[in-house]
2 protein chains.
Amino acid sequence: MSGTLYGLGVGPGDPELITLKALRLLRSSTVVAYPAPEHGDSLARAIVAGHLPGGQTEVAIRMPMLVERFPAQEVYDRAAAELGDHLAAGRDVAVLCEGDPFFYGSFMYLFGRMAERFPVQVVPGVSSLTACAAALGAPLAARNDVLTVVPAPLPADQLRERLAQTDAAAIMKLGRHFAKVRDVLEELGLDSRSRYVERATMANQRLLPLDQVDADSVPYFSMVLVHRRGEAWA
Amino acid sequence: MSGTLYGLGVGPGDPELITLKALRLLRSSTVVAYPAPEHGDSLARAIVAGHLPGGQTEVAIRMPMLVERFPAQEVYDRAAAELGDHLAAGRDVAVLCEGDPFFYGSFMYLFGRMAERFPVQVVPGVSSLTACAAALGAPLAARNDVLTVVPAPLPADQLRERLAQTDAAAIMKLGRHFAKVRDVLEELGLDSRSRYVERATMANQRLLPLDQVDADSVPYFSMVLVHRRGEAWA
């Protein structure tokens, strides 16, 4: 009897934003795996640190710093093999996923490698999308609004085209792409309808007007929300 | 000292998909309010029924059946007045929201009426978007994918335009609009890359290939997920 691979959404950062279901499966799994940087601590593990019962086998899936080159196939191949050994031996494996496993998450690369060989269950989590909206006090979309999720690394002309056409947008993965995004929003006259948040729901969360953001120090975990009408309910 | 208005995301249907934070605030609030149909039971209340401690004041916000006419301003005006009386008397009020309060949720109409007068805190929840992806075993979007959330009531030409341009899409609020959506997906050659789910994470959840869906019996709580590459990680 093989174990089950659980992809657990642990939410956007506040440890209290984990679901009862993810918490139960986290605590009952023999093995806990999580993405981590090449050196240093895993954010996903830090989110659940206070919930861990102790005594579990931990597997850090360490990702080398490879700018603009992802996914790192070999890292996922190796992790799938290691976790597969645990599953084949009958041990349940919980993979921790920041936010939600299937919303721009790296879990899908393990899922793609393992779902045909092992039982897999994905537990959805609170995504950064809705966490940022809650932090900003800014409803995302209402009624028949079209909502577009746009990764900031896209070229400026693609960003312009997407943002010009939608009722509401969430611009993710800002980091060093912030200045380009802000320029596009200004060109489109949407800057006054845009709101910026970084590290939503974490202890060091910050909300800022767009023109007060220092473009040189924007973290990856940041987002701009835009609504064409200013307010979704308007 | 006025009470606090909490907008609590209670998740997509499975009672175990509520967060620890929403559960804590649900249990500690003196008043619990929720949307409900004109006659009959509230889905949001049903999701948390097993978590209620008893002894709370309950307020059902009953919405008359008004097809194609929303929001019903008078209903929210009245609800805001009633809940405002509780808040002014110092009582905390928890408003239950299916999924997430700010993702196409009716909570924003209360938020718009009350946020300037009372302390409001929004607790994000697991949205139908990620719940449907988990149920389908279908990652929503990866890397620099553009993900578009499209309400099915839009006219066919607008649906066609949106779906032709995006990497991934979630088509919501299907109900009686399903046949139109399926036709558009077939025209665009995207039908084989589309997956249908209704009542994700609820006891009566169903997953179906697009061509096996009976267009005459599609519920409002259903979604089609599309990915241009077939699989988000491909």
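Because the structure is predicted, anything quoted here is derived from the model rather than measured.

Engineer: Would you explain the sheet that holds strand β6 (residues 147–151) of chain A in this entry?
Structural biologist: By definition, the strands of a sheet pair up through backbone hydrogen bonds, in either a parallel or an antiparallel sense. As summarised here, the arrangement of the 10 strands in space is β9(A)-β8(A)-β10(A)-β7(A)-β6(A)-β6(B)-β7(B)-β10(B)-β8(B)-β9(B), forming an open sheet in which the pairing is mixed. Only two strands of the sheet have a single neighbouring strand rather than two, namely β9 (206–208) of chain A together with β9 (206–208) of chain B. Within the sheet, the average angular offset between the axes of one strand and its neighbour, ignoring direction, is 15°. Relative to the sheet, helix α5 (residues 128–136) of chain A contacts β6, β7 (168–172), β8 (194–198), β9 and β10 (222–227) of chain A, its axis offset from that of β10 of chain A by approximately 70°. Sheet strands in contact with helix α7 (residues 178–187) of chain A are β7, β8 and β10 of chain A, and its direction is about 10° off that of β10 of chain A.

Engineer: In this structure, what is going on with the nonpolar core? I would like to understand it.
Structural biologist: Membership of the largest hydrophobic core comes to 92 residues, with the highest contact counts inside it found for L110 of chain A together with L110 of chain B. Residues Y6, L17 and L25 of chain A together with L23 of chain B belong to the second largest nonpolar core, which totals 38 residues.

Engineer: Looking at this structure, I do not really get the domain arrangement of chain A. What am I missing?
Structural biologist: A common way to state how big an interface is: give the accessible area lost once the parts meet. Residues and elements named next belong to chain A. Split into domains, chain A comes out as domain 1 (5–126) and domain 2 (129–227). Placing a centre on the C-alpha atoms of domain 1 and another on those of domain 2 gives a separation of 27 Å. Contact with domain 1, which involves 11 residues of that partner, is made by 13 residues of domain 2. Surface buried jointly by domain 1 and domain 2 totals about 890 Å² across both partners, of which 68% is contributed by carbon and sulfur atoms. When the area that domain 1 buries against domain 2 is broken down by residue, the three leading residues are P12, F103 and Y104, summing to 50%. For the pair domain 1 and domain 2, the number of links is 0 salt bridges. At the boundary of domain 1 and domain 2, one finds 1 residue pair in polar contact (both at pLDDT 80 or more).

Engineer: What exactly am I supposed to notice about the interface of chain B and chain A here?
Structural biologist: Taken residue by residue, the interface counts 55 residues in chain B and 55 residues in chain A. Between chain B and chain A, roughly 4700 Å² of surface is buried when both sides are summed, and carbon and sulfur atoms account for 65% of that area. Among the residues of chain B in contact with chain A, E16, L20 and R143 of chain B are the three that bury the most area, contributing 14% of the side total. Joining chain B to chain A, the criterion identifies 22 residue pairs in polar contact (both at pLDDT 80 or more). Secondary structure elements with two or more residues in the side of chain B that touches chain A: α1 (20–28), α4 (107–114), β5 (120–123), α5 (128–136), β6 (147–151) and α6 (156–165) of chain B.

Engineer: Is there a simple way to explain unusual backbone geometry in this structure?
Structural biologist: It is generally the case that most residues other than glycine have a negative phi and that most peptide bonds are trans. Although it is not a glycine, R143 of chain A sits at a positive phi angle of roughly 45°. Mapped onto the secondary structure, R143 of chain A falls in the loop between α5 and β6. Of the residues examined, R143 of chain A reaches a relative accessible area of 21% and is grouped as partly exposed. Backbone geometry places T201 of chain B, a non-glycine residue, at a positive phi of 70°. With respect to the element layout, T201 of chain B can be found in the loop between β8 (194–198) and β9. Residue T201 of chain B is classed as buried on the basis of its relative accessible area of 19%.

What counts, and at which threshold
- Residues numbered from 1 in each chain as written.
- Chains lettered and ligands numbered in written order.
- Predicted model: local features only at pLDDT ≥ 70, side-chain atom pairs only at ≥ 80, totals over all residues.
- Heavy atoms only, no water.
- Pairing = 2+ DSSP bridges.
- Helix = DSSP H or I, 4+ residues; strand = E, 2+ residues; numbered from the N terminus.
- Axes fitted to C-alpha atoms, helices over the stretch in contact; angles between N-to-C directions.
- Contact = heavy atoms within 4.5 Å.
- Core = buried A, V, L, I, M, F, W, Y, C linked by side-chain atoms within 4.5 Å.
- Buried < 20%, exposed > 50% of the residue type's maximum accessible area, 1.4 Å probe, protein only.
- Domains from an automatic or database assignment.
- Buried area = accessible area lost by both parts, 1.4 Å probe.
- Salt bridge = Lys/Arg side-chain N within 4 Å of Asp/Glu carboxyl O.
- Polar contact = N/O pair within 3.5 Å; in protein donor to acceptor, adjacent residues only side chain to side chain.

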